[in-house]
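Observations on the three-dimensional arrangement
Each chain, letter by letter, is given below.
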Amino acid sequence: NRRLVVVGGVEGQAYDGVDRFSMRGSPDGKHVAYRAWKGGKSILVVDGKGRHPCDGLQRGSLLFSPKGAHLAWILYRPGARRVVRDGVSGKPYALPMHLAFSPDGRHLAYWALGKAWWIVVDGVECKSYAYDRRAAIVFDGPRSFYTLASRTVPGRGAQIIRIEAQIAAPSADH
């Protein structure tokens, strides 16, 4: 009993199973990604072609960049999770979350729990904060974003703060 996905009237490859809850379309409507199974292996299918092994794909984590040029997801392995961008796996964390692409798709930011909570941009830990569960990362420009964090103020208790960040422009040597 094989399964296949039809996009725009075109049948994709048949698989042993398809995770219908993993399906994501790109914001520009040109790309579709989902998890499928074949021969006991889980693979990430992009535009009808099996592209990457994805045993441990975290449900709901597939994210296309705004123009559909890039795809990121969270991959779970026992003891660690990794953010994967365009098939390249990042550093392991206990819990990465709230993935967000910049409007031009060049930058990927997310919260990640290692020994502390970090804001990670393009795979680089930028700054550690006390994480707040409402802490989605929102890009408000190609190289600027904001998020929320909590901090404890002596005598006043916990406060929610807005963190604004700028991503440095590439240097002339790069």
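What this report covers is the structure whose coordinates are included nearby.

About the criteria used
Residues numbered from 1 in each chain as written. Predicted model: local features only at pLDDT ≥ 70, side-chain atom pairs only at ≥ 80, totals over all residues. Heavy atoms only, no water. Core = buried A, V, L, I, M, F, W, Y, C linked by side-chain atoms within 4.5 Å. Buried < 20%, exposed > 50% of the residue type's maximum accessible area, 1.4 Å probe, protein only. Helix = DSSP H or I, 4+ residues; strand = E, 2+ residues; numbered from the N terminus. Contact = heavy atoms within 4.5 Å. Pairing = 2+ DSSP bridges. Salt bridge = Lys/Arg side-chain N within 4 Å of Asp/Glu carboxyl O. Axes fitted to C-alpha atoms, helices over the stretch in contact; angles between N-to-C directions.

Right, let's talk about the nonpolar core for a bit. Trp111, Ile119, Val121, Ile137, Phe139 and Phe145 are the most contacted members of the largest nonpolar core, which totals 15 residues. For this core, the secondary structure elements donating two or more residues are strand S12 (108-113), strand S13 (117-121), strand S16 (144-153) and strand S17 (157-166). Considering every element that reaches this core, the biggest residue donor is S13, with 3 residues. The contacts of Phe145, once residues within four sequence positions are left out, are Ile119, Val121, Ile137, Val138, Phe139, Asp140, Ile163, Glu164, Ala165 and Ile167.

Successive side chains on a regular strand alternate, one facing one side of the sheet and the next facing the other. Examined bridge by bridge, strand S5 (residues 41-46) and strand S6 (residues 49-53) share 4 bridges and lie antiparallel to one another. Counterpart to Val46 in the pairing with S6 is Lys49.

Using the criterion set out here, one finds 7 salt bridges in the structure. Residue Asp16 is joined to Arg2 by a salt bridge in which the shortest nitrogen-to-oxygen separation is 2.6 Å. Separated by 14 residues along the polypeptide, Asp16 in the loop between strand S2 (10-11) and strand S3 (17-25) and Arg2 in the segment before strand S1 (6-7) bring together distant segments of the chain. Among the ionic pairs, Arg162 bridges to Glu164, the shortest N-O distance being 3.0 Å. Owing to a relative accessible area of 60%, Glu164 belongs among the exposed residues under this scheme. Sharing partners across several salt bridges, the network here consists of Asp19, Arg35 and Arg59.

One non-glycine residue, His98, lies in positive phi territory at about 60°. Note that His98 resides in strand S11 (residues 95-101). The class for His98 is partly exposed, based on a relative accessible area of 27%. Backbone geometry places Asp122, a non-glycine residue, at a positive phi of 50°. Tracing the backbone shows Asp122 in the loop between S13 and strand S14 (124-131). Look at Asp122 and you get partly exposed, because its relative accessible area is 37%.

Spatial ordering of the open sheet is given by S7-S8-S9-S10, a layout of 4 strands whose pairing is antiparallel. Sheet topology places strand S7 (63-64) and strand S10 (88-89) at the edges, where each strand pairs with a single neighbour. Where strand S9 (residues 80-85) lies against S10, 2 bridges are found, and the strand directions are antiparallel. When the bridges of S10 are listed, Val84 appears paired with Ser89.

Right, let's get into the sheet that holds S5. Taken in spatial order, the 4 strands line up as S3-S4-S5-S6 in an open sheet, and their pairing is antiparallel. Only two strands of the sheet have a single neighbouring strand rather than two, namely S3 and S6. Going across the sheet, the axis of each strand differs from the next one's by a mean of 30°, ignoring polarity. With 6 bridges connecting them, strand S4 (residues 32-38) and S5 associate as antiparallel partners. Bridge assignment links Ala33 to a residue of S5, and that residue is Val46.

Let's shift gears to the pairing of S3. Across 5 bridges, the pairing between S3 and S4 is antiparallel. Opposite Arg24, over in S4, you have Ala33 as the bridge partner. Linking S3 to S4, which pair antiparallel, is a turn of 6 residues; within it Gly29 sits at a positive phi near 75°.

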